[in-house]
Amino acid sequence: MKTNMKSYRNTEVINIVRDRIIALVERKGVWEGSMTELNSAITTGSRKTANVENWPGSPSILRRVVNRVAPQLRKAGLKVAFSRETDHFRKRVVSFTQR
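To keep things clear, this report deals only with the structure shown in the data block. (Residues numbered from 1 in each chain as written. Predicted model: local features only at pLDDT ≥ 70, side-chain atom pairs only at ≥ 80, totals over all residues. Heavy atoms only, no water.)

### What to know about the packing of helix H1 (residues 11-28) against helix H3 (residues 59-75)
- In contact at an axis separation of 9 Å, H1 and H3 are set at 65° when each is read in the N-to-C sense. Judged by the angle between their axes, H1 and H3 are roughly perpendicular. In this structure, H1 crosses over H3, and the sense of that crossing is right-handed. Between H1 and H3, the residues in contact are Val13, Ile14, Val17, Arg18, Ile21 and Ile22 and Leu62, Val65, Val66, Arg68, Val69, Gln72 and Leu73, respectively.
- When the residues that make up the contact of H1 with H3 are grouped by side-chain class, the tally is 10 nonpolar, one polar and two charged. (Axes fitted to C-alpha atoms, helices over the stretch in contact; angles between N-to-C directions. Helix = DSSP H or I, 4+ residues; strand = E, 2+ residues; numbered from the N terminus. Parallel < 35°, antiparallel > 145°, perpendicular 65-115°, else oblique. Left-handed = near helix turned anticlockwise from the far one by under 90°. Contact = heavy atoms within 4.5 Å. Nonpolar A, V, L, I, M, F, W, Y, C, P; charged D, E, K, R; others polar.)

Laid out in structure tokens, this is it:
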């Protein structure tokens, strides 16, 4: 995948990420993990992502996209929370839950 700074402003990418996160949470009820894990969860088994220009190719760019869609996700009834794990590595984590 390409790392492209424009992806966090690309409306098509933003809409796809939003819709995939909503679908993921509807299937699982709760989802928690790193941005790398989120990227894998929302792109696994999807051919459509391969055709999307400017798909976020790095966790930091995906984080920007998620920050942009967070208000829309909240309006759709999801709780969005960002945190860090408390272990030595302090991995950044995002969680989505249905309200």
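### Section: the sheet that holds strand E2 (residues 78-84)
- On the basis of which strands lie adjacent, the open sheet formed by three strands has the order E1-E3-E2 and antiparallel pairing. The outermost strands of the open sheet, each flanked by one partner alone, are strand E1 (30-33) and E2. Taken over all neighbouring pairs, the strand axes of this sheet differ in orientation by 10° on average, direction set aside.
- Set on the sheet, H1 makes contact with E1, E2 and strand E3 (92-98); between it and E3 the angle comes to about 65°.
- Across the face of the sheet, H3 comes into contact with E2 and E3 while running at roughly 145° to E2. (Pairing = 2+ DSSP bridges.)

### Things to note about H3
- With 17 residues, H3 extends 24 Å between its outermost C-alpha atoms, agreeing within 8% with the 24 Å of an ideal straight helix rising 1.5 Å per residue.
- Taking the largest bend as the criterion, H3 deviates by roughly 45°, centred on Val69, and proline Pro71 comes between one and four positions later.
- Taken together, the buried positions of H3 are occupied by Ile61, Leu62, Val65, Val66, Val69, Ala70 and Leu73.
- In this fold, the buried residues of H3 make contact with H1, helix H2 (35-43), E2 and E3.
- Downstream of H3 by a residue or two, Gly77 has a phi angle that is positive, lying close to 95°. (Expected span 1.5 Å × (residues − 1). Bend = angle between axes of the 7 residues up to and from the residue. Buried < 20%, exposed > 50% of the residue type's maximum accessible area, 1.4 Å probe, protein only.)

### A short note on unusual backbone geometry
- A positive phi angle, near 50°, is found at Arg90, a position not held by glycine.
- Locating Arg90 in the fold gives a position in the loop between E2 and E3.
- Arg90 sits in the partly exposed class, given a relative accessible area of 44%.

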